[in-house]
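Summary of structural features
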Amino acid sequence: MSFPKNFLWGGATAANQCEGAWNEDGRGPALTDVTTGGTVNKPRYITYIDKDGNPGFKKKHDKLPEGAHYAVLEDQYYPNHKGIDQYHRYKEDIALFAEMGFKTYRMSISWSRLFPKGIEEEPNQAGVEHYRDVFKELKKYNIEPLVTIWHFDTPLYLEEEYGGWNNRKLIDFYVRFAETCFKEYKGLVRYWLTFNEINNSMPQPTRDGSIPEWRYQEGIQQLHYQFVASAKAVQIGHAVDPENMIGCMICGICYYPATCDPEDIMWNRHMWETKIFYCSDVQCRGKYPTYAKRIWDTYHVKDLDITDEDLEELKKGTVDMYTFSYYMSQNVTTHTGVEVVGGNMSTGTKNPYLQYSDWGWSTDPSGLQYYLEMIYDRYEKPVMVVENGLGAYDKVEEDGSIHDPFRIDYYREHIKAMDRAIENGVDLIGYTTWGCIDVVSAGTGEIRKRYGFIYVDVDDEGNGTMNRMRKDSFFWYQKLIAANGNTENL
Ligand code: BG6
């Protein structure tokens, strides 16, 4: 048994996927509030009114047409508006987390609840007090909050008027938001993450040139501004309270070469550098890695706005811990004519040794061990797995029970993999499962893609009582935490 005594067991959510109350108590809209629901085969759309007053729909990476404004369209349903109503039901949810024995709860603060447009000098007091109440409620049960400052929810006003993270000015707006969080919640929150899955702004390279070069140009510039914003926030966080532990957060995919063709081995190595190491090398080591030049040259990225002062900030603002989400591995290859599979913000080729979920995501616990050992060896900083889980359909039986043995199996195997990594020397300090209570899926906007130990009675059209129900996995995780991760009899 290798999990340390004070290991942080818990679960994770994000404000925009669970809070609802999208326009209450002074909150401003975020991009998710103009994003429709989708399915595994149908993308989510972002809605707008064009310059002639006609409604329009665009995909995530398409540009907003000239003169158009983001808009909520009357005949569309927006799942994030209601979420799972956690804004009003947080006490009930926290009591359930406590019943499972959570030591930590990872959540995020909605930027536009504190700064409705993002540009205000002073925060919206109702928003500030809401989170203070949530943190106090967690403390009541000795649950340590783990707070993501930015989880995919830049205020819509900043997206529209400033072009979002394409604009250097976002650094200062973000820093004001982060500083407010550190100061307001000093003594209540100790664990912080600056940007969720920051590496998602970097496109996953493809061999066929299907990703236009402007996406690398924009993504890499946006990342630079986020790195600087993160580094400044880390310094402020430490100045406000030296006890603060502040981490980066990476979308962790374990990439494998699909064949032993040396070309594939090299492509795989470059995939790790481009998609996985690029961001954390900067955030953990305080400087751009040597291979950054190769990436910029390959995709003809030029005239980046990177100043000497920025580089100084990066040096001074390295993070205290490495955190990441882990759902799957992906096989990558230089060969054509292979079966392509999707996944969390990634694609790959089908791995014949793995099982795939109903949403086409592979299940690979060994990949988690591989990733943990690789990362710890690289940075030697404390590590947390802050997302891991299986999105699946759940069925409520007539007596109200919900049997989810597939989810229990998934968790058991991933927890065993973490155990092995700790045994091999990794300083793993926490584990928060994704969507510990069912939430709106970020990728598809569905609620039926359920991850939770707790079922929420709401469907993809927003019908339902919002009542919470314990799944079988709820009782399993409760025992697992009580046994501090010992899966022997579980
Ligand atoms: C991560 C995100 O990408 O994966 C979460 O940080 C997201 O916000 C999670 O919900 C699972 O993805 P999905 O698309 O199944 O919700």
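First, a word on what this report is: a plain description of the structure on this page. (Residues numbered from 1 in each chain as written. Predicted model: local features only at pLDDT ≥ 70, side-chain atom pairs only at ≥ 80, totals over all residues. Heavy atoms only, no water.)

A few points about the overall build of the protein
Within the protein, the regular secondary structure consists of 14 helices and 17 strands. Relative to the globule expectation of 23 Å for 490 residues, the C-alpha radius of gyration of the protein, 21 Å, shows essentially globular dimensions. Principal-axis analysis of the C-alpha atoms gives the protein an extent of 60 × 55 × 50 Å. Taken over 490 residues, the protein has a buried fraction of 59%. Sequence separation of 24 or more characterises 74% of the internal contacts of the protein that already satisfy a separation of 6 or more. Accessible area for the protein stands at about 19,600 Å²; split by element, carbon and sulfur atoms hold 48% of it. Taken as two groups, the 53 positive and 73 negative side-chain charges of the protein have centres that lie 2 Å from each other. (Helix = DSSP H or I, 4+ residues; strand = E, 2+ residues; numbered from the N terminus. Rg over C-alpha atoms; globule rule 2.2 N^0.38 Å. Buried < 20%, exposed > 50% of the residue type's maximum accessible area, 1.4 Å probe, protein only. Contact = heavy atoms within 4.5 Å. Areas by Shrake-Rupley, 256 points an atom, 1.4 Å probe, with all protein chains shown as cover. Lys, Arg positive; Asp, Glu negative; His and termini not counted. Charge placed at Lys NZ, Arg CZ, Asp CG, Glu CD.)

Examining the site of the ligand
With respect to spatial proximity, 16 residues lie near the ligand, and among them Gln-17, Glu-197, Glu-387, Lys-449 and Tyr-451 are the closest. Take Gln-17: an N or O atom from its side chain is 2.7 Å from an oxygen atom of the ligand. Between the ligand and the protein, one listed contact pairs an oxygen atom with a side-chain N or O atom of Tyr-451 at 2.5 Å. Its free accessible area being 380 Å², the ligand has 98% of it covered by the protein chains. (Near = heavy atom within 4 Å. Polar contact = N/O pair within 3.5 Å; in protein donor to acceptor, adjacent residues only side chain to side chain.)

A closer look at unusual backbone geometry
In this model, Met-466 sits at a positive phi of 70°, which is unusual for a non-glycine residue. Looking at Met-466, the relative accessible area reads 8%, which means it is buried.

Remarks on the packing of helix α12 (residues 365-379) against helix α13 (residues 405-423)
The N-to-C vectors of α12 and α13 enclose an angle of 30°; their axes lie 8 Å apart at closest approach. Looking at the two axes, α12 sits roughly parallel to α13. Handedness of the crossing formed by α12 with α13: right-handed. The residues of α13 that touch α12, namely those facing Pro-365, Ser-366, Leu-368, Gln-369, Leu-372 and Glu-373, are Glu-413, His-414, Ala-417, Met-418, Arg-420 and Ala-421. Grouping the amino acids of the contact of α12 with α13 by side-chain chemistry returns six nonpolar, three polar and three charged. (Axes fitted to C-alpha atoms, helices over the stretch in contact; angles between N-to-C directions. Parallel < 35°, antiparallel > 145°, perpendicular 65-115°, else oblique. Left-handed = near helix turned anticlockwise from the far one by under 90°. Nonpolar A, V, L, I, M, F, W, Y, C, P; charged D, E, K, R; others polar.)

So, the side chain of Thr-274
As for its placement among the helices and strands, Thr-274 is situated in helix α9 (residues 262-285). Judged by relative accessible area, which is 3%, Thr-274 ranks as buried. Of note is the side chain of Thr-274, whose polar atom sits 2.7 Å from the backbone oxygen of His-270. When sequence neighbours within four positions are dropped, the list of residues in contact with Thr-274 reads Met-202, Pro-205, Arg-294 and Ile-295.

Focus on the environment of Phe-97
Following the sequence through the fold, Phe-97 ends up in helix α3 (residues 86-100). Sequence-wise, Phe-97 and Thr-274 are 177 residues apart; in three dimensions their C-alpha atoms are separated by 37 Å. With near-sequence residues (within four places) excluded, Phe-97 lies in contact with Gln-86, Phe-102, Tyr-105, Ile-143, Cys-436, Ile-437 and Ile-454.

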